[in-house]
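Coordinate analysis (summary)
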Amino acid sequence: METLVRTVNGEGPEEYYKEASKILKKDGLVAFPTETVYGLGGNALDENAAKKIYAAKGRPSDNPLIVHIANMQALEDLTSSVPKKAYQLAEAFWPGPLTLVLPKSEQVPLGTTGGLETVAIRMPNHPVALHLIAASGLYLAAPSANTSGRPSPTLAEHVLEDLKGRIEMILDGGMVEVGIESTIVDVTEEIPTILRPGCITKEMLEKVVGQVKVDPAIVSKQGAPKGRPKAPGMKYKHYAPKADMIIFSGEQDKVISEISRRAKEAVTLGKKVGILATEETKDLYKVGSVVSIGSREEEGSVAKGLYKILRDFDHMQVDCIFAESFEDDTMGTAIMNRMCKAAGYAMEQV
Ligand code: TXA
Ligand code: MG
């Protein structure tokens, strides 16, 4: 099929939103920007649409989809009960990069939830996403709009690269704001649990609802996951560039000299080397293709640049990637979670 690309903003053009809505109502697929990453949207209440989403992404069908909504009434429609803490979190962070896992209502098909009795719901903070949901009158199931296992798309071009010919339409709303996926919080138990870290941090959640736990199976700088993650998607290899990637942590000077040494070694062996550096360090490397991910002073810029850089390394056809690491605090937790997975947990302390 031909994949139409339509450039839109939150205001219009209305004809493109109508065109997209028509596709969605016939269980077709439309990719659209959210503030975190591009999503691959389909009608959340139509099992056929869910099947098409799994097929287009090459995604295992036990990996449930997040349902995107544009108003609070939808939260009631899609769930069988909403605990007080869920309302408090929704009020504090929606629209925004927070996904809540709640008991599903009858009308949400198991095809959308990967067979689970719970449903993940999020109200995105992006004018195009909100306009599309409202224009279609639907709830949109939308995983990240990448081929399963690849870095999530932060530009419409990334969606086209992965899904051209496999979906009906892409709404191009430019580069996303946040750059990594939403924080997922399970609110089905008394103490909420973070299933996937994102830019809404544990500290931010705790200010609103008190104690919050973290799923011990979440991958972090501390090492590979323990146990089976509660968010099924977190168990798969993810965000992976084509080249082998190693992350180096330790004192900055030592990291720079070790990466430089390894890069020289690899270049001598005829390999093409990519170095994932920062604004502060990029000029200190003398070999390899050095790319700055952003400034350490501003974690937001690092998050925003991560997936694009991983794809850029693919385009540069590097054989190996040597990466600096980031602090494992606040937003750094989410950044390191994605980087460790991209590297398949290849981490070295220097
Ligand atoms: O920022 C985001 O969340 C983006 C944008 C498009 O909204 N979406 C996104 O979706 O990252 P996806 O499908 O790539 O990741 C969804 C994650 C998976 O790890 C999945 O296992 C988990 O959410 N998930 C979905 N429903 C769940 C449920 N009922 N219980 C536990 N985990 C769930
Ligand atoms: Mg994803």
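Description of the structure in this document. One numbering rule holds for all chains: residues counted from 1, following each sequence as written. The lettering of chains begins at A and the numbering of ligands begins at 1, in the order of writing. For this predicted model, a pLDDT threshold of at least 70 governs which residues receive local features, and a threshold of 80 or more governs which side-chain atom pairs are given and counted, while totals over whole chains, interfaces and linings are taken from all residues. Think of the side-chain values as coming from all heavy atoms in the structure, minus any hydrogens and water.

Looking at the pairing of strand β9 (residues 183–186)
Two faces, one strand: in a regular strand the side chains alternate between the faces of the sheet. What counts is decided by this rule: Only protein chains enter the accessibility calculation, which uses a 1.4 Å probe; a residue is then buried when its area is under 20% of its type maximum, exposed when over 50%, and partly exposed in between. Numbering of helices and strands runs from the N terminus; a helix is a DSSP stretch of H or I covering at least four residues, while a strand is a stretch of E covering at least two. The pairing criterion for strands is at least two bridges between them, as found by DSSP.
Of the two faces of β9, the one lined by T183 and V185 and the one lined by I184 and D186 are each fully buried. Summarising the sheet, β9 and strand β10 (residues 193–196) pair through three bridges and their orientation is antiparallel. By the bridge assignment for β10, V185 is matched with I194. The turn linking β9 back onto β10 is made up of six residues.

Notes on the site of ligand 1
As a reminder, the rule being used: Summary of the distance rule: residues count as near a molecule or strand when at least one heavy atom falls within 4 Å of that molecule or strand. N or O atoms closer than or at 3.5 Å make up a polar contact, with two conditions inside protein: a donor-capable atom paired with an acceptor-capable one, and, for residues adjacent in sequence, both atoms drawn from side chains. With residues, only the protein chains shown are counted as cover, and all accessible areas are computed by Shrake-Rupley using a 1.4 Å probe. Residues are grouped as follows: nonpolar covers Ala, Val, Leu, Ile, Met, Phe, Trp, Tyr, Cys and Pro; charged covers Asp, Glu, Lys and Arg; every other residue, Gly included, is treated as polar.
In the region of ligand 1, 29 residues are neighbours, and T36, N63, H68, S182 and G233 sit closest. Side-chain polar atom of T118 to a nitrogen atom of ligand 1: 3.0 Å apart, as the coordinates give it. Surface burial for ligand 1 is 97%, taken as the share of its 680 Å² of free accessible area covered by protein chains. Ranked by residue count, the leading element in the shell around ligand 1 is strand β6 (residues 118–122), at four residues. Its residues assigned to classes, the shell around ligand 1 shows 15 nonpolar, nine polar and five charged.

Examining the sheet that holds β6
The cut-off we apply is this: Here, two residues are considered to be in contact whenever any of their heavy atoms come within 4.5 Å of each other. To define axes, lines are fitted to C-alpha atoms, for helices over the stretch in contact only, and angles between the resulting N-to-C directions are given on a 0 to 180 degree scale.
In space, the eleven strands of this open sheet follow the order β1-β8-β2-β3-β7-β4-β6-β5-β9-β10-β11, with mixed pairing throughout. Only two strands of the sheet have a single neighbouring strand rather than two, namely β1 (4–7) and β11 (213–214). Here four bridges tie strand β5 (residues 98–103) to β6, and the two strands are oriented antiparallel to one another. If you follow P103 over to β6, its bridge partner there is T118. Of the strands in this sheet, β2 (30–33), β4 (66–68), β7 (140–141) and β8 (169–172) are in contact with helix α5 (residues 127–136), which crosses β2 at around 140 degrees.

Some remarks on the pairing of β10
Selection rule: Classification remark: right-handed applies to a crossover when, strands pointing away from the viewer, the course from the first strand over the helix to the second runs clockwise.
Inspection of the sheet shows β10 paired to β11 by two bridges, in the parallel sense. Bridge pairing links T193 to K213 in β11. With helix α7 (residues 202–209) bridging β10 and its parallel neighbour β11, the resulting β-α-β unit is right-handed.

Focus: the pattern of salt bridges
Applicable threshold: Salt bridge, as used here: a side-chain nitrogen of Lys or Arg that lies within 4 Å of a carboxyl oxygen of Asp or Glu.
Considering all chains together, one arrives at 19 salt bridges under this definition. With a closest N to O distance of 3.2 Å, K85 and E190 form a salt bridge. One end of the pair, K85, is in helix α4 (residues 84–93); the other, E190, is in the loop between β9 and β10, with 105 residues separating them in the sequence. Assessed through its relative accessible area of 61%, E190 is described here as exposed. One salt bridge connects D314 with R150, and the closest N-O pair in it is separated by 2.6 Å. Here the residue D314 occupies a position in helix α9 (residues 299–315), and R150 occupies one in the loop between β7 and α6 (156–163), the gap between them amounting to 164 residues. One exposure class covers both D314 and R150, and it is buried. Connected through shared salt-bridge partners, R150, E161, D162, R311 and D314 make up one network.

Regarding the packing of aromatic side chains
Put simply, the rule is: Geometry of aromatic contacts follows a simple scheme: Phe, Tyr and Trp rings, the Trp one being its six-membered ring, pair when their centres are within 6.5 Å, and the pair is stacked under 30 degrees between planes, edge-to-face over 60, tilted otherwise.
This model, assessed by the stated rule, comprises one aromatic pair. Ring plane angle 65 degrees and centroid distance 5.8 Å describe the contact between F248 and F322, whose orientation is recorded as edge-to-face. Of this pair, F248 sits in strand β12 (residues 244–249) while F322 sits in strand β15 (residues 320–324), placing them 74 residues apart in sequence. What makes F248 buried here is its relative accessible area of 0%. Residue classification places F322 among the buried positions, given a relative accessible area of 5%.

Some details on the environment of P124
Topologically, P124 is positioned in the loop between β6 and α5. Residues P124 and F93 lie 31 residues apart in sequence; the distance between their C-alpha atoms is 9.8 Å. When sequence neighbours within four positions are dropped, the list of residues in contact with P124 reads T34, E35, H68, I69, P95, G96, A129, L130 and I133.

Taken by themselves, the reported measurements are silent on function.
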